[in-house]
Amino acid sequence: MLFRACSRGLTIMASAELPSSVSPALEFQVLAQQGRARTATMKLPHYTAETPMFMPVGTQGTVKGLTSEQMQELDCHVILGNTYHLGNRPGPELVAAMGGLHSFINWPRGMLTDSGGFQMVSLLHLADITEEGVTFQSPVDGSRMLLTPEESIGIQNDLGADIMMQLDDVVPATNTDLARFEEATHRTTRWLDRCLAANKRPNEQNLLPIVQGGFDVRLRELSMQQLIARNAPGYAIGGLAGGETKDMFWRVVAQCAAGLPPGKPRYVMGIGYPLDILVCSALGADMYDSVYPTRTARFGVALVDSGVMKLKNAAFAKDMRPIDESCSCMTCRQYTRSYLHHVVTRGVASASILVTYHNVAYMQGLTRRIRHAIKQQRMPEFTRTFLAGMFPAGNVPQWVVDALHVAGISLEGVAQLQPAHSFYEEVQAVQRIPAV
């Protein structure tokens, strides 16, 4: 990629001048930047992925309603499996005996397994958290199961994913006890060290730390400093998507994306709303995962640029158009809104499969468009066009206006509201964030 001046006053740098890193099982190369946004390649043992990217969640080792072949058709680069559930059933020993999770589910591309730590929040009434680890009451048979950092990594080593996540101490976003967040921040670092020591396959599997600290700028900065000192191949931003306000959400992403190493991938955990992904990408994040696109499909809700299409609505009963006339997925090529309304309202099993297929196609298409916009140095224009379609009346939420202002993207002529925040003042007291 050559260095050249752009008519919009921005520059595309040569690849050699763009951030990159090489780890034993991960090579990361930024291909283009515009403002804070960037697009990159991430070479993993099983696949070379492109970022920004969305990772569909296959909790039990499979994305509900879709086969591995269909996931490849949809150009999914990485899918996610859940360590807690796979550790219960079918069990890591069986998966390892079958050649690892890739062979077990017949998936040749990238795989990421979480640590099981999120269940501290989602199953908190069944869990006790101590320095040793997390004791769960199994929802299967009621037995008590201790998940330690060592046990989490042992299971993930057996599963064999390209990317493993550390066991972290997750605090519900709605918790107001700062002391609990501080305890979790330091414990997460201590647990990371135990995870690193327990990893038997450091040259084959990447172990990513998770930044914690709640919504306290000082704690987030402290967590980043501690984790960066461990020189991991990439970093995750945790503790979000748990009921916090959008204003709190974007501020954490903005601080962490600016504070983490520029040559390594940044993974915002649990993010799946298209608008959130657009904003986070503008702020410099690279990777996302969520059950939202597939779960909402099972309720007959399709994703489109204008928001969502609730196919149960009677208005679609005689609508002969596809879900999205610009979408080339199998569902949009072969089925009308009228037909989908018919099968969705009657609970036909194929309905959730067809809508799931479209929603995954939509998410892959959205991140593909974001990557293309950054490469073409048109990220601000793409963002404004996308928001104009989603909010034709100009009622873009304040948090979006503020976040994109920090990202260097003006919404003049698209949004009625003006930027109104004190983010720089709050963060600069702790950390210097480069201006766009």
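Residues numbered from 1 in each chain as written. Predicted model: local features only at pLDDT ≥ 70, side-chain atom pairs only at ≥ 80, totals over all residues. Heavy atoms only, no water.

Undergrad: So, the overall build of the chain: which residues are in play, and what are the values?
TA: Each helix and strand in the chain was counted, giving 17 helices and 20 strands. For the chain, whose C-alpha radius of gyration is 21 Å, the value lies close to the compact-globule estimate of 22 Å for 436 residues. By principal-axis analysis of the C-alpha atoms, the chain measures approximately 55 × 55 × 45 Å. The proportion of buried residues among the 436 residues of the chain is 57%. Of the contacts formed within the chain by residues at least 6 apart in sequence, a portion of 64% connects residues at least 24 apart. Carbon and sulfur atoms form 53% of the exposed surface of the chain, whose accessible area is close to 17,600 Å². For the chain, the distance from the average position of its 38 positive side-chain charges to the average position of its 39 negative side-chain charges is 6 Å. (Helix = DSSP H or I, 4+ residues; strand = E, 2+ residues; numbered from the N terminus. Rg over C-alpha atoms; globule rule 2.2 N^0.38 Å. Buried < 20%, exposed > 50% of the residue type's maximum accessible area, 1.4 Å probe, protein only. Contact = heavy atoms within 4.5 Å. Areas by Shrake-Rupley, 256 points an atom, 1.4 Å probe, with all protein chains shown as cover. Lys, Arg positive; Asp, Glu negative; His and termini not counted. Charge placed at Lys NZ, Arg CZ, Asp CG, Glu CD.)

Undergrad: Kindly report on the packing of aromatic side chains, identifying the contributing residues and their values.
TA: Tallying each qualifying case throughout the model produces four aromatic pairs. Aromatic pair Phe-249 and Trp-399: ring centres 6.2 Å apart, planes at 75°, arrangement edge-to-face. Here Phe-249, found in helix 9 (residues 246–259), pairs with Trp-399, found in helix 16 (residues 398–406); they are 150 residues apart in sequence, far enough to count as distant. Residue classification places Trp-399 among the buried positions, given a relative accessible area of 11%. Here Tyr-335 and Tyr-339 contribute two aromatic rings whose centre-to-centre distance is 5.2 Å and whose plane-to-plane angle is 25°, an arrangement assigned as stacked. Looking at Tyr-339, the relative accessible area reads 32%, which means it is partly exposed. We note Lys-246 situated over the ring of Phe-249; from NZ or CZ to the ring centre the distance is 5.0 Å. (Phe/Tyr/Trp six-rings, centres within 6.5 Å; stacked < 30°, edge-to-face > 60°. Lys NZ or Arg CZ within 6 Å of the ring centre and 35° of its normal.)

Undergrad: Could you give an account of helix 8 (residues 217–228), naming the residues involved and the relevant values?
TA: Between the first and last C-alpha of helix 8 there are 16 Å, a value that for 12 residues agrees with the 16 Å anticipated at 1.5 Å per step. For helix 8, every residue scored as buried is listed here: Val-217, Leu-219, Arg-220, Glu-221, Ser-223, Met-224, Gln-226 and Leu-227. N-capping of helix 8 is provided by Asp-216, with a side-chain oxygen placed 3.1 Å from the backbone N of Arg-218. (Expected span 1.5 Å × (residues − 1). Polar contact = N/O pair within 3.5 Å; in protein donor to acceptor, adjacent residues only side chain to side chain.)

Undergrad: I'd like to hear about the sheet that holds strand 14 (residues 206–208), residue by residue, with values.
TA: The strand order across the open sheet built from nine strands is 14-13-9-8-7-18-17-16-15, with neighbouring strands paired in parallel fashion. Since the sheet does not close on itself, it has two edges, and those belong to strand 14 and strand 15 (210–211), each with one partner. Where strand 7 (residues 53–58) meets strand 18 (residues 287–290), four bridges bridge the pair, whose relative direction is parallel. Following the sheet pairing, Met-55 is matched in strand 18 by Asp-289. Strand contacts of helix 9: strand 15, strand 16 (235–237) and strand 17 (266–268), with the helix running at about 165° to strand 16, the strand carrying the most contacts. (Pairing = 2+ DSSP bridges. Axes fitted to C-alpha atoms, helices over the stretch in contact; angles between N-to-C directions.)

Undergrad: Account for the nonpolar core, naming residues and giving values.
TA: Counting 54 residues, the largest nonpolar core has Met-379, Leu-387 and Val-396 as its most contacted members. Counting only elements with at least two residues in this core, the list comes to helix 8, strand 16, helix 9, helix 10 (274–282), helix 14 (349–375), helix 15 (379–390) and helix 16. Ignoring any residue separated from it by four or fewer positions in sequence, one finds Val-396 in contact with Leu-387, Phe-391, Val-401, Leu-411, Val-414, Ala-415 and Leu-417. The next biggest cluster of nonpolar side chains, apart from the first, holds 47 residues, and it includes Leu-101, Trp-191, Ala-297 and Cys-327. (Core = buried A, V, L, I, M, F, W, Y, C linked by side-chain atoms within 4.5 Å.)

Undergrad: Hey, could you go over the side chain of Asp-168 for me, with residue numbers and the actual values?
TA: Examined against the element boundaries, Asp-168 turns out to sit in the loop between strand 13 (163–165) and helix 7 (178–198). The side chain of Asp-168 sits in the buried core without any salt bridge; Arg-220 is the nearest counter-charge, 8.4 Å away. A polar contact of 2.7 Å, which involves the side chain of Asp-168, links it to the side chain of Gln-212. (Salt bridge = Lys/Arg side-chain N within 4 Å of Asp/Glu carboxyl O.)

Undergrad: Can you break down a nonpolar patch on the surface residue by residue, with the values?
TA: A grouping of Leu-94, Met-98 and Phe-104 is seen on the molecular surface, where their side chains present a nonpolar patch of about 260 Å² in accessible area. For Met-98, the position within the fold is in the loop between helix 3 (92–97) and helix 4 (101–105). Taking the relative accessible area as the measure of exposure, Met-98 reaches 47% and is therefore partly exposed. (Patch = residues over 30% accessible without salt bridge, like charges linked within 9 Å, V, L, I, M, F, W, Y side chains within 5 Å.)

Undergrad: How would you summarise the pattern of salt bridges if you had to cite specific residues and measurements?
TA: Counted under the stated rule, the structure contains 21 salt bridges. Glu-204 is paired through a salt bridge with Arg-201; the nearest N and O atoms lie 3.0 Å apart. With a closest N to O distance of 2.5 Å, Asp-276 and Lys-246 form a salt bridge. Of this pair, Asp-276 sits in helix 10 while Lys-246 sits in helix 9, and the two are 30 residues apart along the sequence.

Undergrad: Which residues make up the environment of Thr-39, and what values go with them?
TA: Along the chain, Thr-39 turns up in strand 5 (residues 37–43). Measuring from C-alpha to C-alpha, the distance between Thr-39 and Glu-50 comes to 7.2 Å, with 11 residues separating the pair along the chain. At a separation of 2.6 Å, a polar atom in the side chain of Thr-39 contacts the main-chain carbonyl oxygen of Thr-51.

Undergrad: Account for the confidence of the model for the chain, with residues named and values stated.
TA: For the chain, the mean per-residue pLDDT works out to 91, and 90% of the residues sit at or above 70. Low pLDDT, under 50, characterises residues 1–14; the predicted model gives this stretch 32 contacts beyond four residues in sequence or across chains. (pLDDT = per-residue confidence, 0-100.)

Undergrad: Could you give me a rundown of unusual backbone geometry, with the residues and numbers involved?
TA: The step from Thr-51 to Pro-52 runs through a cis peptide bond, and the omega angle for that step is 0°. Counting through the fold element by element, Pro-52 comes out in the loop between strand 6 (48–51) and strand 7. In this structure, Asn-106 is a non-glycine residue whose phi angle is positive, near 60°. Within the secondary structure layout, Asn-106 lies in the loop between helix 4 and strand 9 (110–113).

Undergrad: Give me the packing of helix 6 (residues 149–159) against helix 7: which residues, what numbers.
TA: Packing of helix 6 against helix 7 brings their axes to within 8 Å, and their N-to-C directions diverge by 40°. By the angle between their axes, helix 6 is oblique relative to helix 7. Every pair of crossing elements has a handedness; the one defined by helix 6 and helix 7 is right-handed. Counted together, Pro-149, Glu-150, Ile-153 and Asn-157 of helix 6 and Trp-191, Arg-194, Cys-195 and Ala-198 of helix 7 form the full contact between these two elements. When its residues are assigned to classes, the contact of helix 6 with helix 7 shows five nonpolar, one polar and two charged. (Parallel < 35°, antiparallel > 145°, perpendicular 65-115°, else oblique. Left-handed = near helix turned anticlockwise from the far one by under 90°. Nonpolar A, V, L, I, M, F, W, Y, C, P; charged D, E, K, R; others polar.)

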